[in-house]
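Below, each chain spelled out in residue letters.
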Amino acid sequence: MASIAYSDRADATEATLPRAFRVTSHRAETRDTVTLELEPEDGTPLTFLPGQFTMFYVFGVGEVPISISGDPHHPATLVHTVRSVGAVTEAIVGLSVGDGVGIRGPYGVGWPVAEAEGKDLVVVAGGIGLAPLRPVVLDVLARRDRFGVVSIIYGARSPGDLLFEHELHLWRSRFDMETEVTVDRSDENWFGDVGVVTGLLPRVSFDPANTVAMLCGPEIMMKVVANEMALRGVGAENMHVSVERNMKCAIGFCGHCQFGRDFICRDGPVLPYARVAERLRVSQL
Amino acid sequence: MPRYAEPPRRVLSLCDGAHLSQLVVDRSDIGALFDVLLSDGYTVMGPTVQDEAIVYDQLDAVDDLPIGWTDEQDGGKYRLLPREDQALFGYAVGQHSWKKLLFPPRVTLLQVTRTNGSLEFAQSEVPEVRYAFLGVRACELAAISIQDRVFLGSGQVDRTYQTARRDMFTVAINCMVAGGTCFCVSMETGPRCTSGYDLVLTEVIDTDRHEFVFEAGSMAGEDVLSRLHGRAAAEPDLARVEYIVDQTAASMGRRMDTTGIKELLLENLEHPRWDDVAQRCLACTNCTLVCPTCFCSTTEDTVTLDGLSSTRSRSWDSCFTLDFSSLHGVPIRDSTRSRYRQWMTHKLATWFDQFGSSGCVGCGRCITWCPVGIDITEEVAAIRASLETVK
Amino acid sequence: MNLQSVRQNSELLTRLTNTELDLFESLSSEVHVVNGEILFEEGGAADMFYIIVEGKVGLELTSPGRTPMVIQSLGPGDLVGVSWFFPPFRWNWRARALEETDLIAFDAVEVRRQCGLNRDLDLEVLEAVAEEAVRRLHRTRIQLLDLYRST
């Protein structure tokens, strides 16, 4: 299957005008997270690259950046996995099938999937961080022969907070990919791993000298995992993190998303760890 | 040497080596400048006295200018003083900058209408404006050039800025007065205007004469100049212009050593000076409001009472506010210290990485209008000095 | 039994010289447990310690009125238990197999006695166990941060 064509940057007029989308499916993943499927009113699919996000608008409430969690090879349906953490996301999580919303995008620099071709790939996700990485996994599985050893490590707060449970089972049952899942705290019915994601790194086999790592989750988690991978010999330039910041315009004008020299909306959200490692150590940057 | 963005195309057409017309216009004939600009359909914007300050507003005639006024500026201090002469442009800059016209404080972006749960989005019209800016200082030309880079030159184009900028006519001024907080010489942005204008003038005022030495900077400027009444500029006139500019350059109120400033700041993000300035800073956002290059904004959605439509507007915002960096309801830059550091390191350091030049033009507004008189030149000097003692 | 195959995955065994590895081998035996089987109980004497070859073991605490819950799981190459090396040589946790698991069991009493006789061996084992304890402390602290909760 061909790799995805990069969607052109919108010009000034389109960049700030949302497109009308309608919710076609609503599935609760956990008690605070839902996966929505949306379709454009005008029928034009929103093509995207793994790691990109849209600005999701709910009438009367506001607009927030949300990572796209769908299959980049099937963009006709726009998929967003959203966690309720504020006024707008709470409204998004409360949407019903048939509701109209505004979507603009896609924006941002996505995961360097092409860079991982011919190499081993390690995907480490923490909490809601699995959502922006899911498109990577789907893209890689659609072209599995292009990649070396593929491993996924996923950590969630508790068994009840696991995302994409059905898909996780499918991934775990594959022989061409290693999927390790852990939780910070277990419950009576959990017989899986308990502990932080770094504890799972020794379980997966990858050649540190020939690996691309993609990390997404809370900043502390990404730092800890990056350090651990560095100890194992993975170079900082081969590790990529997804940084989150406040966004208003998503096109590099409003200034809110600045992280040092980078505008997260435009230079990120995916950034090479080598570029941001020092900045991640500065408090309140 | 800071690099500036390309000026709008029509200004470039004459600048490459062609001979630029010069004209000396007498004070009694300067009103014609207004006549020409107004008859050409421009809205003339320029300095005028309002509420005991010199602000930028619409001008109808020469008399609207701050004739015979000058300003006295220092950290946290601004006042107007009468001059001994009747100069039209004998002052520095006030709290307004031209960004209020090119990047207005509030702009309507789009309208949303809701019908049966379905949404429709419509882009708002950008008002057509045709501005003539009268009295743009060299530091301000640099600031406009910097904002050109932000709003026109970094991938996306801002429609409002583009529309206002496209048909703009610029009458620049070589400053005859250096403000108490000015440091354009340090930032290499002035006081001499070198590019980015249609016309530049230097006011020459003695007991026996009051004239304006004009120089064109574009085809449009040539055209306007050809319709003014004056005499050809002679060597003494040009020498006088140089003299005035040199005098202004020699009397700057402040200076900033910009040697290695990017590394100086970015390698000292935990310097104790940040704690020091945080004790004084009120996070009042004045500096970002008056700074001619600050461009941060926010968007707001306002719903009508019947809940059937909503308007999105863009307004000026400031990195000094607590919720500017809010993520999931929690600010990342929680302390005043981190916010002051963000502003200063952006302005003087990371701006280079983003836009290829410093973000500061040395206009001194942030010093003048800071209620507690925090001086950006002093902050830089303090960090530099502390490190030099360590060495 | 031959520890060479397990050695590369185990921090502790990697540190031992070949002679010391031979000693450990003489004090070891293979153990196989099924899902749910208890390796050792909380409070019990730490007379044996284990290295996992294949499978998963969970550490848990029991408390009246509460169902025991695993607070940390261990996998291939991991040392099950560090308390066997430090007085009072009693387990603080219960270890329970979470799936079919193969382990190497070591006679902790004899290893301690050998460490008492041989200073170099003592130091090596101490370093390995301490390093493991620090790593677990670090990971536990991150777990405590509860990073994935909503703010």
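Residues numbered from 1 in each chain as written. Chains lettered and ligands numbered in written order. Predicted model: local features only at pLDDT ≥ 70, side-chain atom pairs only at ≥ 80, totals over all residues.

Draft legend 1. Here's a closer look at the interface of chain B and chain A. Between chain B and chain A, the contact holds 43 residues from the first and 36 residues from the second. At the level of secondary structure, the elements contributing two or more residues to the side of chain B that touches chain A comprise β6 (106-115), β7 (118-123), β12 (297-303), β14 (326-327) and α12 (336-355) of chain B. Here the residues of the side of chain B that touches chain A sort into 14 nonpolar, 20 polar and nine charged. (Contact = placed C-beta atoms within 7 Å. Helix = DSSP H or I, 4+ residues; strand = E, 2+ residues; numbered from the N terminus. Nonpolar A, V, L, I, M, F, W, Y, C, P; charged D, E, K, R; others polar.)

Draft legend 2. The arrangement of the sheet that holds strand β5 (residues 78-83) of chain A in detail. Residue and element names in this part refer to chain A. Taken together, six strands build an open sheet; the order of strands is β4-β3-β6-β1-β2-β5 and the sheet is antiparallel. Pairing within the sheet leaves two strands with one partner each, and these edge strands are β4 (62-67) and β5. Within this sheet the neighbouring strands show an average axis-to-axis angle of 40 degrees, counted without direction. Here seven bridges tie strand β1 (residues 19-28) to strand β2 (residues 33-40), and the two strands are oriented antiparallel to one another. Residue pairing for β2: alanine 28 is matched across the bridge by valine 34. (Pairing = 2+ DSSP bridges. Axes fitted to C-alpha atoms, helices over the stretch in contact; angles between N-to-C directions.)

Draft legend 3. Quick look at the packing of helix α10 (residues 272-280) of chain B against α12(B). Residues and elements named next belong to chain B. Between α10 and α12, the least distance of the axes is 8 Å, while the angle of their chain directions is 110 degrees. With respect to α12, the element α10 is oriented roughly perpendicular. Seen from α10, the contacting residues are Trp274, Asp275, Val277 and Ala278; seen from α12, they are Thr336, Arg337, Tyr340 and Arg341. Partitioned by chemical class, the residues of the contact of α10 with α12 number four nonpolar, one polar and three charged. (Parallel < 35°, antiparallel > 145°, perpendicular 65-115°, else oblique.)

Draft legend 4. Quick look at the sheet that holds strand β10 (residues 199-205) of chain B. Residues and elements named next belong to chain B. Sheet architecture is open: seven strands sit in the order β1-β11-β10-β9-β8-β2-β3, paired in mixed fashion. Unpaired on one side and paired on the other, β1 (22-26) and β3 (53-58) mark the two borders of the sheet. Within this sheet the neighbouring strands show an average axis-to-axis angle of 30 degrees, counted without direction. When strand β9 (residues 169-173) meets β10, the two strands line up parallel, connected through three bridges.

Draft legend 5. The arrangement of the interface of chain A and chain C in detail. Contact residues are listed per partner, giving 24 residues for chain A and 22 residues for chain C. Mapped by element, the contributors of at least two residues to the side of chain A that touches chain C are β10 (193-194) and α5 (219-231) of chain A. Top element by residues in the side of chain A that touches chain C is α5(A). It accounts for three residues. Across the side of chain A that touches chain C, the residue classes break down as ten nonpolar, six polar and eight charged.

Draft legend 6. Summary view of unusual backbone geometry. Cis geometry marks the peptide bond from Gly268(A) to Pro269(A), where omega comes out at 5 degrees. For Pro269(A), the location among the structural elements is in the loop between β14 (262-263) and β15 (270-272). Along the chain, Pro87(C) connects to Pro88(C) via a cis peptide bond; the corresponding omega equals 5 degrees. Mapped onto the secondary structure, Pro88(C) falls in the loop between β6 (79-80) and β7 (94-97). Unlike most non-glycine residues, Gln284(A) shows phi in positive territory, near 55 degrees.

Draft legend 7. Here's a closer look at the domain arrangement of chain A. All names here are of chain A. Examined at the domain level, chain A breaks down into domain 1 (12-107) and domain 2 (114-242). Here the C-alpha centre of domain 2 lies 24 Å away from the C-alpha centre of domain 1. Across the boundary between the two partners, domain 1 contributes 15 residues, which contact 14 residues of domain 2. When its residues are assigned to classes, the side of domain 1 that touches domain 2 shows three nonpolar, eight polar and four charged. (Domains from an automatic or database assignment.)

Draft legend 8. Region of the structure containing the confidence of the model for chain B. Residue and element names in this part refer to chain B. For chain B, the average pLDDT comes to 94, and 95% of its residues sit at 70 or higher. Across residues 1-17, where pLDDT falls below 50, the model places 35 contacts with residues more than four positions away in sequence or in other chains. Interface confidence for the predicted complex, expressed as ipTM, amounts to 0.92; the pTM equals 0.91. (pLDDT = per-residue confidence, 0-100.)

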